[in-house]
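# What the coordinates show
So the chains spell out like this:
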Amino acid sequence: MTKYTYYPGCTLYTKARNLDICARKAAEKVGFELVEMPSWNCCGAIYNAASDDLAAQVGPVRNLAKASQLGDKLVTLCAACHNVLKRVQNRLDQPGNEVESERLKTFVDEKYERPVKVLHYLEVLKQEIGWDNIKEKVTKPLGGLKVASYYGCLIVRPKEVLEFDDPENPQVMDDLMRVLGAAPTRFDFKAECCGGYLVVNRRDVAKSASKKILDNAKAWGAEAIVTTCPLCQYNLDKLRAVTDGSIPVFYFTQLLGLAVGLAQDELGLEHNAGDPVGFLKSKGLL
Amino acid sequence: MATSRSSTELLEQIEKLSGQTVSDCYQCGCCTSGCPIGEAMDPPPSKAVRLLQLGEAPELLDSDGIWMCASCLVCGTRCPRAVDYARIAEACRVLVLRSKQSRVDPDTVTGPELEEIPQQAFIAAFRKSSV
């Protein structure tokens, strides 16, 4: 079974356990193993784009240096960690940026061995495992559940650095849902911002942005939403932006875990808002 | 006013920190029309760039709008002139923060919902808006 160095990040250890736990277990079901990187530190949660701000890059550079000692790939799951680590790796590799890159690499104690390819879990599924192989592992197909895939902003932009998918109309999570037996719905706000961290001091703004996303998914007939970002999940699921008739917001790893046969108590459904168990039972999926 | 520097000096610093050239913008408004937070952002992206073009950098640095951009990068992705407004807003915030003025005081952020908000949101919010 192929092993990958895995960077979970802080939120997956606490508020987003339901993203992490089933990801590790589902990985083993579909044929790879996530090996958590020892003594990782915070990625910084958000990329600082100011051209002279080297201090903000040190945390991610340390993680990348440590990962480089373990292999040439680093797997992420949280959209924010992925965005930061991938952009900082890109900054280190940028032609013409050798002086800054060298300063950063030599500033951290950990020896920087080589550039690391930062891969999101979804990229591992698509590029390294392959949809056909995953399809073979599906034991409980999702019964045509109408799912809107919500990507948010961090995983798709900036497109030339993330190289993840179409930044306006990404497909990878839709493809995965199809493989798992769900019916991905069309959806206009796949890659629109949910308001992100503005929820800390401008709850009203995050609520209004999240409401538009939820309303649009419902208008396209979605019965549930899937995402990969703990902050998107919070804003859509727990902010109660839609006061009546909201739909459940799962992590894609929860539906993946369900489809490849993880037990109910391995899906972390107790961390989702509302009654996800009742919902899945009503669809005949639990 | 956020800093005592002249408008010309501020514009130079904003362009250097952001790597953007504000005169590249021809004011088509694509950024503002696509901004998911646009209705709550004052000034919205295209107007903010216009202020810089007109030599009104101090007004932009004093505005609420620069703190509303959560760097989702939709505007820069769609801009026909490849101007990345999120980086301009970032440069403006950094200039204000470096003059030792916080936009958000962590002590004033309270409420029962704080128990539930993922910590990545706190780290991001305070890194973007506190000294």
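Everything numeric here is computed off the predicted structure, so don't read it as measured data. (Residues numbered from 1 in each chain as written. Chains lettered and ligands numbered in written order. Predicted model: local features only at pLDDT ≥ 70, side-chain atom pairs only at ≥ 80, totals over all residues.)

### Some words on the overall build of chain A
Counted only if it meets this: Each helix is a run of DSSP H or I of at least 4 residues and each strand a run of E of at least 2, with the numbering of both proceeding from the N terminus. Just to be clear, the radius of gyration here is over C-alpha atoms, and the globule rule we use is 2.2 Å times residues to the power 0.38. Exposed residues have 12 or fewer other C-beta atoms within 10 Å of their own C-beta, buried residues have 20 or more, and residues in between are partly exposed; the C-beta atoms are placed from the backbone. In this description, any two residues whose backbone-derived C-beta atoms lie within 7 Å of each other are considered to be in contact.
Across its full length, chain A carries 12 helices and 8 strands. On C-alpha atoms alone, chain A measures out to a radius of gyration of 19 Å, which is about the 19 Å that the 2.2 N^0.38 rule sets for 286 residues. For chain A, the spread of C-alpha atoms along the three principal axes comes to 55 × 45 × 30 Å. When burial is assessed residue by residue, chain A has 55% of its 286 residues classed as buried. Considering only intrachain contacts with a sequence separation of at least 6, the fraction spanning at least 24 residues in chain A is 78%.

### A short note on helix α8 (residues 119-129) of chain B
For α8 of chain B, the buried fraction is high: 8 of the 11 residues fall into the buried class. Turning to α8 of chain B, its buried residues are Q120, A121, I123, A124, A125, F126, K128 and S129 of chain B. In this structure, the buried residues of α8 of chain B make contact with α3 (79-93) and α10 (230-237) of chain A together with α5 (65-68) and α7 (85-98) of chain B.

### Quick word on the nonpolar core
Selection rule: By convention in this section, buried Ala, Val, Leu, Ile, Met, Phe, Trp, Tyr and Cys residues joined through C-beta atoms within 7 Å make up a nonpolar core.
Within the largest apolar cluster, 141 residues are counted, with the highest numbers of intra-cluster contacts made by A80, I225, V226 and L255 of chain A. At 8 residues, the largest contribution of residues to this core is made by α7 of chain B. Each residue touching A80 of chain A, except ones within four places of it in the same chain, is listed here: A45, I46, L154, C229 and L231 of chain A together with Q120 of chain B.

### Let's talk about the sheet that holds strand β6 (residues 183-184) of chain A
All names here are of chain A. Put simply, the rule reads: Paired strands, as defined in this entry, are two strands with at least two bridges between them according to DSSP. For every element, the axis is a line fit to its C-alpha atoms; helices are fit only across the contacting stretch, and the angle between N-to-C directions ranges from 0 to 180 degrees.
Taking strand neighbours across the sheet as the criterion, the 4 strands line up as β6-β5-β7-β8 in an open arrangement whose pairing is parallel. On the outer flanks of this sheet lie β6 and β8 (249-251), each paired with one strand and no other. Pairing of strand β7 (residues 224-227) with β8, which is carried by 3 bridges, proceeds in the parallel orientation. If you follow I225 over to β8, its bridge partner there is V249. Helix-sheet contacts for helix α8 (residues 172-179) involve β5 (146-149), β6 and β7, and the interaxial angle to β5 is about 160°.

### Remarks on unusual backbone geometry
Going from R157 of chain A to P158 of chain A, the amide bond is cis rather than trans, its omega being 0°. As for its placement among the helices and strands, P158 of chain A is situated in the loop between β5 and α7 (159-162). Of note, the phi angle at A45 of chain A is positive, near 70°, even though the residue is not glycine. Tracing the sequence through the fold places A45 of chain A in the loop between β2 (32-36) and α2 (55-70). On the basis of neighbour count, A45 of chain A is assigned to the buried category, with 27 C-beta atoms found within 10 Å. In this model, A82 of chain B sits at a positive phi of 55°, which is unusual for a non-glycine residue.

### Some remarks on the interface of chain A and chain B
We count it as follows: The residue classification treats Ala, Val, Leu, Ile, Met, Phe, Trp, Tyr, Cys and Pro as nonpolar and Asp, Glu, Lys and Arg as charged. All others, Gly included, are polar.
Residue-level contacts link 34 residues of chain A with 31 residues of chain B. Of all the elements in the fold, those that place two or more residues in the side of chain A that touches chain B are α9 (203-219) and α10 of chain A. With 3 residues, α10 of chain A is the single largest residue contributor to the side of chain A that touches chain B. Looking at side-chain class alone, the side of chain A that touches chain B contains 21 nonpolar, 6 polar and 7 charged residues.

### Side note on the sheet that holds β2 of chain A
Residues and elements named next belong to chain A. If you walk across this open sheet you meet the 4 strands as β2-β1-β3-β4, and the pairing is parallel. Of all the strands in the sheet, the pair left with one neighbour each is β2 and β4 (117-120). Mean inter-strand twist for the sheet, computed between neighbouring axes without regard to direction, equals 45°. Sheet analysis places strand β1 (residues 2-7) next to strand β3 (residues 73-76), joined by 2 bridges and oriented parallel. In the sheet register, Y7 faces β3, and the bridge partner there is T76. Helix-sheet contacts for helix α5 (residues 121-129) involve β1, β2, β3 and β4, and the interaxial angle to β4 is about 95°.

### What to know about the domain arrangement of chain B
Here is the rule: Note that the domain bounds reflect an automated or database-derived domain assignment.
We note that the domain assignment places domain 1 (7-100) and domain 2 (104-131) within chain B. The gap between the C-alpha centroids of domain 1 of chain B and domain 2 of chain B is 24 Å.

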